[in-house]
Each structure stands twice: as C-alpha cells, then as structure tokens.
Amino acid sequence: MKKDEQISAMVERLRELRAADRGERIRDCVLRWIEDPLKPKTAAGGFRINPTLLLLALLAVMATGTFLFFSLVAP
C-alpha cells in the first residue's frame, strides 16, 4: 500500500467515525464526562458519579455557604 493510499484510507475512516458521532446528544456526552471512570454503573445498572467531581462540588457548596454566612449573617 502506497503512502497516499494509506492517508486517504485513514481520512475516510476518520470521516466515517465523525459522521457516526454527529447523532450523539449533548446529554450523553455530559453523562459520560461526569461518570466514574473505574465503575461507571452500579450493580443495578444505575449511574455512578465521579468521586473527584463530587468532592469538588461539595467543596464549592461549602465555600459558598461559608461566604454567605459570614457576609449576610455575621455582623
């Protein structure tokens, strides 16, 4: 196989892959982004969130709560 034939075959495969991904919904992309990479599903088939993102969200909520407490409640 010549070099140009390899490149054209690779380009065609990439175009097919890209065409297959166009039908994917944004919701599916977001769920795949936030799911746990080690264990994406529970034993019952449910969704499991990434523990790192869960920790960051919890810290953001705690920081916001602390800010609001000291800016609105405490004199």
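Up top is the structure.
What counts as what
- Residues numbered from 1 in each chain as written.
- Predicted model: local features only at pLDDT ≥ 70, side-chain atom pairs only at ≥ 80, totals over all residues.
- Heavy atoms only, no water.
- Helix = DSSP H or I, 4+ residues; strand = E, 2+ residues; numbered from the N terminus.
- Rg over C-alpha atoms; globule rule 2.2 N^0.38 Å.
- Buried < 20%, exposed > 50% of the residue type's maximum accessible area, 1.4 Å probe, protein only.
- Areas by Shrake-Rupley, 256 points an atom, 1.4 Å probe, with all protein chains shown as cover.
- Phe/Tyr/Trp six-rings, centres within 6.5 Å; stacked < 30°, edge-to-face > 60°.

> So what's going on with the overall build of the protein chain? Residues and values would help.
What the protein chain contains, in helices and strands, is three helices and zero strands. Reading the protein chain from its N terminus to its C terminus gives the helix and strand order α-α-α. On C-alpha atoms alone, the protein chain measures out to a radius of gyration of 23 Å, which is more than a quarter above the 11 Å that the 2.2 N^0.38 rule sets for 75 residues. For the protein chain, the C-alpha atoms occupy an extent of roughly 75 × 35 × 20 Å along the three principal directions. The buried share of the protein chain, reckoned over its 75 residues, is 4%. Carbon and sulfur atoms make up 66% of the accessible area of the protein chain, which totals about 6,900 Å².

> Now, about the environment of Trp33: what can you tell me, with residues and values included?
Inspection of the secondary structure puts Trp33 in helix α2 (residues 26-34). Residue classification places Trp33 among the exposed positions, given a relative accessible area of 63%. Along the sequence, Trp33 and Ile49 sit 16 residues apart, while their C-alpha atoms lie 9.4 Å from each other.

> Provide a residue-level description of the packing of aromatic side chains, including the pertinent values.
Considering all chains together, one arrives at one aromatic pair under this definition. On the basis of an interplanar angle of 80 degrees and a centroid distance of 5.1 Å, the ring pair of Phe69 and Phe70 is categorised as edge-to-face. Looking at Phe69, the relative accessible area reads 41%, which means it is partly exposed.

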